[in-house]
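# Results of the structural survey
Next come the chains, spelled out residue by residue.
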Amino acid sequence: MPQVDVEMRDNSVNFLRTKLSVRSQDVHSPVTFSVIISMHAFADLLQSPLEAMADSVKISVNHTNFYYGSNQALYDVSMQIRPQFVTALIGPSGCGKSTFLRSLNRMNDLIPGARLEGKVELDGENIYSDDMDVIHLRRRVGMIFQRSNPFPMSIYDNVAYGVRVNGLAKRRLQLDEIVEKTLTAAALWDEVKDRLSRSALSLSGGQQQRLCIARALAVEPEVILMDEPASALDPISTAKIEELIYNLKRNYTIIVVTHNMQQAARVSDETGFFLTGRLVEFNETKKIFTAPVNRETEDYITGRFG
Ligand code: ADP
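Quick look at the structure, then. (Residues numbered from 1 in each chain as written. Predicted model: local features only at pLDDT ≥ 70, side-chain atom pairs only at ≥ 80, totals over all residues.)

### Regarding the environment of Asn71
Condition: Helix numbers and strand numbers start at the N terminus; a helix is a DSSP run of H or I with at least 4 residues, a strand a run of E with at least 2. Buried means a residue has 20 or more other C-beta atoms within 10 Å of its own C-beta, exposed means 12 or fewer, and partly exposed covers the counts in between; C-beta atoms are placed from the backbone.
The residue Asn71 is located in strand β5 (residues 71–81) in this model. A count of 9 C-beta atoms within 10 Å places Asn71 in the exposed class. For the pair Asn71 and Gly113, spaced 42 residues apart in sequence, the C-alpha to C-alpha distance is 9.9 Å.

This is the structure:
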């Protein structure tokens, strides 16, 4: 009887590879075949954790309208955001991407006259219910802005800030561990480990953005919202942020607004295309970029407008 071992590698939709080893006792020497196959070819045979994730929903947005005073910025938007996926939001300026993103952790609450109708659920819980603890919500759903905004304090204190404010560390030693762990997760530790007490403002733009990501990670969020996180950065720093986004999704659900369609295609699993406040199309990224259903999506991704 041949024995078949199947080993799952790398939990990404786009890059998941399955290594299949077949050992046969029927031959004198063991024979091992290593075959790289696509996850889709194996979908019938394997109930992978990824498939289970694809069926579950981290954030559910249902028929939401959003208003700044009398100006409506979002119209009847519904979207199901998968856990441990990167979801990209694309569309021309002013189409409501940032408004939508900020509505996912009630950041818009801070704007006078702003109002949302409809329902936004995080793990099935309505985040706009009266008894929602908004501070706790924003810990669970962290945010990274276009312009990095490190606090004018040391690198260490930037990362430790939220941990201290929320009383998450029991002692100094544990705080040190959290700082190292999150700077490592943000791919910054090796560059700053010898100068943790230096001002965060002494870092380059790309390093500052990764520091802000580390600061967000330090309070153990489940979801990270990113509003054009690399648009102010040079190409090398942008590549580092993209690689980081790709690696972070193993542990977090990420929603990223981007103007850069190549970036959306590179980093995301699913993409939503917004136009004048409406979600025109939402689908797997490769479908959006290779076979969009909607004419307006096609016109946008092929550069006919935007
Ligand atoms: P995008 O992120 O796609 O560029 P936004 O969500 O920033 O779009 O903007 C959507 C619409 O909401 C635009 O018409 C914009 O002018 C308006 N808007 C955005 N922020 C505010 C605000 N703080 N106050 C009033 N109107 C706003």
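### A few points about the site of the ligand
Rule in force here: Whether a residue is near a molecule or strand depends on its C-beta atom, generated from backbone atoms, being within 6 Å of that molecule or strand. Polar here means any residue other than Ala, Val, Leu, Ile, Met, Phe, Trp, Tyr, Cys and Pro, which are nonpolar, and Asp, Glu, Lys and Arg, which are charged; Gly is therefore polar.
Around the ligand, the neighbouring residues are Tyr68, Asn71, Ala73, Gly91, Ser93, Gly94, Cys95, Gly96, Lys97, Ser98, Thr99 and Ile111. At the level of elements, β5 and α2 (97–103) are the ones that each hand at least two residues to the shell around the ligand. Ranked by residue count, the leading element in the shell around the ligand is α2, at 3 residues. Its residues placed into classes, the shell around the ligand shows 4 nonpolar, 7 polar and 1 charged.

### Structural notes on helix α7 (residues 205–217)
To be explicit about the condition: One less than the residue count of a helix, multiplied by 1.5 Å, gives the span that helix is expected to have.
Taking 1.5 Å per residue as the helical rise, α7 with its 13 residues ought to reach 18 Å, and the 18 Å between its terminal C-alpha atoms agrees with that figure. The element α7 is largely enclosed, with a buried count of 12 among its 13 residues. The complete set of buried residues in α7 reads Gly206, Gln207, Gln208, Gln209, Arg210, Leu211, Cys212, Ile213, Ala214, Arg215, Ala216 and Leu217.

### Section: the sheet that holds strand β7 (residues 114–122)
Condition: Note: two strands are recorded as paired if DSSP finds a minimum of 2 bridges between them.
The strand order across the open sheet built from 4 strands is β5-β4-β7-β8, with neighbouring strands paired in antiparallel fashion. Unpaired on one side and paired on the other, β5 and β8 (125–126) mark the two borders of the sheet. Across 8 bridges, the pairing between strand β4 (residues 59–68) and β7 is antiparallel. Paired with Phe66 across the two strands is Leu116, which belongs to β7.

### Side note on the pairing of β5
The sheet contact formed by β4 and β5 spans 7 bridges and is antiparallel. Residue Thr64 lies in a different strand from β5, and its bridge partner there is Val77. Taking the residues between adjacent antiparallel strands as the criterion, β4 and β5 are bridged by 2 residues, where Gly69 takes a positive phi near 60°.

### Digging into the packing of helix α4 (residues 155–165) against helix α5 (residues 172–185)
The line we're drawing: A fitted line through C-alpha atoms represents every axis, and for helices the fit uses only the stretch in contact; the resulting angles, taken between N-to-C directions, go from 0 to 180 degrees. Note on angle classes: values under 35 degrees are labelled roughly parallel, values over 145 roughly antiparallel, values of 65 to 115 roughly perpendicular, and the remainder oblique. For a crossing to be left-handed, the near helix must be turned anticlockwise from the far one by less than a right angle; the clockwise case is right-handed. Throughout, a pair of residues is in contact if the C-beta atoms placed from their backbones lie within 7 Å.
Between α4 and α5, the least distance of the axes is 10 Å, while the angle of their chain directions is 110°. Classified by the angle between their axes, α4 and α5 sit roughly perpendicular to one another. The interaxial crossing formed by α4 with α5 has right-handed handedness. Contact residues: Tyr156, Val159, Ala160 and Val163 in α4; Leu175, Ile178, Val179, Thr182 and Leu183 in α5. Class assignment for the residues of the contact of α4 with α5 results in 8 nonpolar, 1 polar and no charged.

### Comments concerning helix α8 (residues 235–248)
Applied cut-off: This arc corresponds to the set of directions leading from the helix axis out to the C-beta atoms.
The terminal C-alpha atoms of α8 lie 20 Å apart, and with 14 residues this matches the ideal 20 Å at 1.5 Å per residue to within 8%. Of the residues making up α8, those classed as buried are Ile241, Glu242, Leu244, Ile245 and Leu248. The arc that holds the buried residues of α8, viewed along the axis, is 160°, so those residues lie on one side. Summarising the geometry of α8, the exposed residues directed more than 90 degrees from the buried face are Pro235 and Ile236.

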